[in-house]
Amino acid sequence: MAKKFKNSLDGFDMSATVFGATKSETPKKKVEKTKKEKSVQSSKTQKTKTSERATIGAARGCKPGYTRHTYVLPQQMIDQVKAVAQFFCCSEVSAAEQLLQKGLDDIRKQHGKKALTLQKTQNLFA
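Rules used in this analysis
- Residues numbered from 1 in each chain as written.
- Predicted model: local features only at pLDDT ≥ 70, side-chain atom pairs only at ≥ 80, totals over all residues.
- Heavy atoms only, no water.
- Helix = DSSP H or I, 4+ residues; strand = E, 2+ residues; numbered from the N terminus.
- Buried < 20%, exposed > 50% of the residue type's maximum accessible area, 1.4 Å probe, protein only.
- Contact = heavy atoms within 4.5 Å.
- Areas by Shrake-Rupley, 256 points an atom, 1.4 Å probe, with all protein chains shown as cover.
- Salt bridge = Lys/Arg side-chain N within 4 Å of Asp/Glu carboxyl O.
- Expected span 1.5 Å × (residues − 1).
- Axes fitted to C-alpha atoms, helices over the stretch in contact; angles between N-to-C directions.
- Parallel < 35°, antiparallel > 145°, perpendicular 65-115°, else oblique.
- Nonpolar A, V, L, I, M, F, W, Y, C, P; charged D, E, K, R; others polar.

Trainee: What should I look at first to understand the overall build of the protein in this one?
Mentor: A tally of helices and strands in the protein yields four helices and zero strands. In sequence order, the secondary structure elements of the protein are arranged as α-α-α-α. In the protein, buried positions account for 6% of the 126 residues. Considering only residue pairs separated by 6 or more positions, the protein has 3% of its internal contacts joining residues 24 or more positions apart. Counting every atom, the protein has about 12700 Å² of accessible surface; 57% of that belongs to carbon and sulfur.

Encoded structure:
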């Protein structure tokens, strides 16, 4: 014969805890936004000033003027960046930023500003 256990959380109402409603009340439903409202909202949020923190997208949680971007690098290079950060007692992000900036400065000296400017169009047969 199986033992019957009484779960102490049987009477627990998660929706009342999350939404602050009593058991008789139900949480309010979210109102769906139209496509136009969504596009207006997204166009407003993408035009944030550099002095304000972004609240959506890849830049959410980053310092003003920064965004997230991912690169795949060899493990040896990642270990070297970690070693540089440890040697100079700074964060890995700071070490990687300084190393990239040094490389970009060298490219600017060697090839000029045009090498670091993103070109909108490119002629393949020019």
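Moving on, there is more to tell.
Trainee: Where do I start with the pattern of salt bridges in this structure?
Mentor: A side chain with one charge can pair with a side chain of the opposite charge if their charged atoms come near. On inspection of all chains with the given rule, the structure shows two salt bridges. Close ionic contact of D106 with K102 constitutes a salt bridge, the shortest N to O distance being 3.5 Å. Of the two residues, D106 and K102 both sit in helix α4 (residues 92-111), four residues apart, roughly one turn of that helix. Relative accessible area serves as the criterion here: at 36%, D106 is assigned to the partly exposed category. Looking at K102, the relative accessible area reads 52%, which means it is exposed. Its salt-bridge partner being D105, residue R108 comes within 3.4 Å of it at the nearest N-O pair. Placement of the pair is R108 and D105 together in helix α4, with a separation of three residues, close to one helical turn.

Trainee: Explain helix α3 (residues 75-87) here, please?
Mentor: An α-helical segment advances 3.6 residues per turn. Residues three or four places apart therefore align on the same side. Helix length check: α3, at 13 residues, gives a terminal C-alpha distance of 18 Å against a target of 18 Å (1.5 Å per residue), a fit within 8%. One or two positions beyond α3, positive phi appears at C89, with a value near 55 degrees.

Trainee: Would you mind showing me how to read the packing of α3 against α4 here?
Mentor: At their nearest, the axes of α3 and α4 sit 8 Å apart, and the two run at 110 degrees to each other. By the angle class used here, α3 and α4 are roughly perpendicular. Seen from α3, the contacting residues are V81, K82, V84 and A85; seen from α4, they are E92, A95, A96 and L99. Residue composition of the contact of α3 with α4, by class: six nonpolar, no polar and two charged.

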